[in-house]
Amino acid sequence: MQPHQHPLHCLFAPQHLMVIGASERPSSFGERVFSALLHQPFNGTLTPINPRHKTIAGLTAHFHLNRTPNPQGLVLILTDPDSYDSLIKTCVKKNIPHVLIMLRPHDLSPEQSEQLQKSLHYANSKSLNITVCTTQGYGIPALGLYTHLAQILPPQGKIAIVGSSPNFSADIIQLLRHLPVGFSHFIDIAPPFSHTAPLIDYLQHDTQSNILLVQYNPHEPATALFSALRQTARRKTIILHHTQHTDTEQQLLLQHLAERCGILLTLNDDQLIAALRAAHLPKKHHANRLHILSDRETGWLHNQAAQLHIDSHPAPAHLLPTYTGALQFCDAAVQLLQQDTCRALMIVPHHNWHNSEQATARQLARITTRQDKPVYLVSHYAEGLLAFSRPLDALQTFAAQQNLQQLKKTPLQIARPPLNHLHKPDLRNIVPLLPQTEALLKALQLPPIAPNPCPLSTLHYRHHAQYGVFLHAHHHHQQQTLLPPFTTQHARQLADFFTHKKLQASLEQTLYTLNHLAYHLPHITNLQFHIDHHTLHTTHLHYQTEPTHPAPNLFAGYPPVEQPFFTLKNQHTVLIRALQPEDAEALQQFIQQLSDQSRKTRFMLASKELPPALLAQFCNLDYTREAAFIALDRHKNIIGLAQHSSIAFPYECEFGISISDHMQGQGLAHHLMQQLIAFATQQGYQHMSAEILANNTAMLNLAAKLGFELAPSAEDNSLCVANLPLSLPKKPRKLPLTQQILAPKT
């Protein structure tokens, strides 16, 4: 339902490529890039632009972009940085949809970098999309498009690579050259002139790829990056590869971010290869137990498996005699795979058999193709995704599969309501209380001070320079990190971590308070707690009377409602607030109490409740680009829900609304939608839309009253499409006179 084509479509699916700076001069940058483009036939039109050449490699070269016939498509700029500003202004005048600039940031002078930033800002104000990439360029194997100077020709496949440093894509392609994998797109952007988040947003809808490999750039705005990763992870498998040095604290933070967003984090090449192998394997290969079959000692392998948190088991001794030939080994493998207790099998044959290792590997490979259970074969002569030259590689792939399986479940966890009533901290007139520690803790509903010189279990609340507020837990020799907003699920997780179930209620209250501090009270910069005799105590508190401006929290908090109470037409007053993860059970009860017709109209459900996965998705929202507001009656029951989800951020979101049957016609739907529209506008969306059943007269009338434009769906006669512009569109660029004349009349 996107009203316009995605602005990055021209970058990832170009039909016409205009190369400014293409050259025949040997060893020049323009010659090397254009040679790379010609090395593989491009499935589109290639137009060189250079005033010094009439033809380049047999193709007609044009003097200037102004003299190029049909200048619509992707413009690739290879010229000197001093020419960027004038070329960008020309592209604006010619109404070019997208420009790709290839450069090396360290070759720019400070003045040139500043001028390029100004040019990019100007282009953005004129709706010209520009991507700046490194000299290694980008490639689209399906189109035969390669700008890589090394003329790398990777196979076509399902992996999309988004790098943020020179040579990242080339290094990854080289690293994976022995695996049966291919690539849909690869691009290495040049920070700080371009960011990866918009590319990730585009690729989530790309049908050519199902695995997205992203190089983590710690200098990119973290909120935008992880919001894009979190949404895209619902559609694709994402691997976030961090190539820079990290300390323990940052590793814990990144691991928590990966779990929260449902993505795989890799910190070295071995982990990356294992993750890509695991991502390519079918779901039937997911297993939680591994048997190891070998005719040599395997104790060291089980130790390695334990370090990777793998539940491994040795093959029964009677299956393998002292001397084992290839056929006997194959028979033992088949017998083991037939046992119900064997979920997955790793075969590690001895390399000193009388039969050749190559022939043995062929015999064992025959077994793997006939099994529904995954078989990991360790042999130099085996081929395929489940063939490994080292046992450790096989174990890491199995561990990556387990991690991937768990990551798919983590975002679907449902937070339960709190065990006890949670007391809201009193933040009114809190600043005068800052020097009074005991009074301050009481007002904040936090445990009193109780010094402990040698705590074994601690909880530390503080600010990170990049990720904002975070919570670090330490128990004996184990560590764990969490980011706000904190939920009751996090409280349960911490209670398990500290091995004190009785702590859950006090942890729920503490995390509830810390949520308020994280988003509404930057004065408190450091809080330490410790556990003593199953009780949570405050150890230390640090504050600033004049708070600095710390880094914003990575995940958005729950948006406040300016007027939280709303009076219905029947004079009943309801509370309006943002939906939170702990509302899952109440939301399910709300849906169960709807009439069959209301439930079908809003949720397209035949059953009386949301499936657990969909319920979790409804409640675990990213308020950077999603939102949901609920109405609660005096009994704290949900009686109304309005929510929107992202279709293409920040261009379009899709809304949905549902009101309890006995509350319909009271003005609640209109009020909730006003809240939703205002917040979507604040998030930066340009359009809000929905598909409404053509016979849903009440919803169509509400949409029309709110200003939505209604039109029949072009794809389904039973639907109407509602669309509302949320912000004033940028003034369209005026077409050149020649294009106005040639433009089709409407």
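Let us look at the structure shown here. None of these values were measured; they are calculated from a predicted model.

## A look at the overall build of the protein chain
For step 1, the next point in the chain: What the protein chain contains, in helices and strands, is 22 helices and 31 strands.
For step 2, the next point in the chain: In terms of overall size, the protein chain behaves like a compact globule, its C-alpha atoms giving a radius of gyration of 30 Å where 746 residues would be expected to give roughly 27 Å.
For step 3, the next point in the chain: When burial is assessed residue by residue, the protein chain has 53% of its 746 residues classed as buried.
For step 4, the next point in the chain: Counting only contacts in the protein chain whose residues sit at least 6 apart along the sequence, the fraction spanning at least 24 positions is 69%.

## Topic: the pattern of salt bridges
For step 1, the next point in the chain: All chains considered together, the criterion is met by 13 salt bridges.
For step 2, the next point in the chain: Here Asp426 and Arg428 are joined by a salt bridge, their closest N and O atoms 3.1 Å apart.
For step 3, the next point in the chain: According to the relative accessible area criterion, Arg428 is exposed, its value standing at 66%.
For step 4, the next point in the chain: Between Asp583 and Arg577 there is a salt bridge, with its nearest N and O atoms 2.9 Å apart.
For step 5, the next point in the chain: Given a relative accessible area of 9%, Asp583 falls into the buried group.
For step 6, the next point in the chain: By relative accessible area, Arg577 is classed as partly exposed at 22%.

## Remarks on unusual backbone geometry
For step 1, the next point in the chain: Of note, the bond from Pro191 into Pro192 is cis; its omega dihedral lies within 30 degrees of zero at 5 degrees.
For step 2, the next point in the chain: Relative to the helices and strands, Pro192 resides in the loop between strand E10 (183-189) and helix H6 (197-203).
For step 3, the next point in the chain: Here the bond from Pro484 into Pro485 is cis, since omega is 0 degrees, no more than 30 degrees from zero.
For step 4, the next point in the chain: Checked against the element boundaries, Pro485 lands in the loop between strand E21 (478-482) and helix H15 (488-497).
For step 5, the next point in the chain: For Asn95, which is not a glycine, the phi torsion comes out positive at approximately 60 degrees.
For step 6, the next point in the chain: Residue Gln445 is not a glycine yet carries a positive backbone phi of 60 degrees.
For step 7, the next point in the chain: Relative to the elements of secondary structure, Gln445 occurs in the loop between helix H14 (437-443) and strand E19 (457-464).

## With respect to the packing of aromatic side chains
For step 1, the next point in the chain: By the definition in use, this model includes 11 aromatic pairs.
For step 2, the next point in the chain: Taken together, a centroid distance of 5.9 Å and an interplanar angle of 55 degrees make the contact between Tyr216 and Phe226 tilted. Here the residue Tyr216 occupies a position in the loop between strand E11 (211-215) and helix H7 (222-232), and Phe226 occupies one in helix H7, the gap between them amounting to 10 residues. One exposure class covers both Tyr216 and Phe226, and it is buried.
For step 3, the next point in the chain: Note on Tyr376 and Phe398: the rings are 5.8 Å apart at their centroids and 70 degrees apart in plane angle, and the pair reads as edge-to-face. Taken together, the residues Tyr376 in strand E17 (residues 375-378) and Phe398 in helix H13 (residues 391-409) connect sequence positions 22 residues apart. Phe398 carries the same exposure label as Tyr376, and that label is buried.
For step 4, the next point in the chain: In textbook terms, an aromatic cluster arises when at least three aromatic residues are bridged by ring pairs, as seen for Tyr558, Tyr623, Phe629 and Phe679.

## Regarding the side chain of His537
For step 1, the next point in the chain: Inspection of the secondary structure puts His537 in strand E23 (residues 535-543).
For step 2, the next point in the chain: When near neighbours in sequence (up to four residues on either side) are disregarded, His537 contacts Pro447, Pro448, Ala450, Gln528, Phe529, His530 and Asp532.

## Details of the sheet that holds strand E16 (residues 345-348)
For step 1, the next point in the chain: As summarised here, the arrangement of the five strands in space is E15-E14-E16-E17-E18, forming an open sheet in which the pairing is parallel. Since the sheet does not close on itself, it has two edges, and those belong to strand E15 (312-314) and strand E18 (387-388), each with one partner.
For step 2, the next point in the chain: Of the pairings in the sheet, the one linking strand E14 (residues 290-294) to E15 comprises three bridges and is parallel in character. When the sheet's bridge partners are listed, Leu290 is paired in E15 with Ser312.
For step 3, the next point in the chain: Against the sheet, H13 contacts E14, E16, E17 and E18, and its axis sits at roughly 160 degrees relative to E17.

## A closer look at the state of the cysteines
For step 1, the next point in the chain: Taken as a whole and assessed by the stated rule, the structure comprises zero disulfides.
For step 2, the next point in the chain: Cysteine Cys10 shares no disulfide, and the gap to the nearest cysteine sulfur, in Cys91, comes to 11 Å.
For step 3, the next point in the chain: Summary of cysteine pairing: Cys619 is not part of a disulfide, and the nearest cysteine sulfur, belonging to Cys261, is at 18 Å.

About the cut-offs
- Each residue is numbered by its place in its chain's sequence as written, counting from 1.
- Reporting in this predicted model follows two pLDDT cut-offs: at least 70 for local features of residues, and 80 or more for side-chain atom pairs to be given and counted; totals over whole chains, interfaces and linings ignore these cut-offs and use all residues.
- With hydrogens and water set aside, each side-chain value is computed from the structure's full complement of heavy atoms.
- A helix here means a DSSP run of H or I that spans at least four residues, while a strand means a run of E at least two residues long, and both kinds are numbered starting from the N terminus.
- As defined in this context, the radius of gyration uses C-alpha atoms, and a globule is described by 2.2 Å times the residue total to the power 0.38.
- The rule is simple: take the accessible area with a 1.4 Å probe, protein chains only, and divide by the maximum for that residue type; under 20% is buried, over 50% is exposed, in between is partly exposed.
- Residue contacts are counted whenever heavy atoms from the two residues lie within 4.5 Å of one another.
- Here, a salt bridge means any side-chain nitrogen of Lys or Arg that lies within 4 Å of a carboxyl oxygen of Asp or Glu.
- When the centres of two rings from Phe, Tyr and Trp lie within 6.5 Å, Trp using its six-membered ring, the rings pair. Their planes under 30 degrees apart give stacked, over 60 give edge-to-face, and anything left gives tilted.
- Pairing between two strands is assigned when DSSP locates at least 2 bridges connecting them.
- As a rule, the C-alpha atoms of each element are fitted with a line to give its axis, helices using only the stretch in contact, and angles between N-to-C directions run from 0 to 180 degrees.
- Cysteine sulfur atoms that pair up within 2.5 Å are treated as a disulfide.

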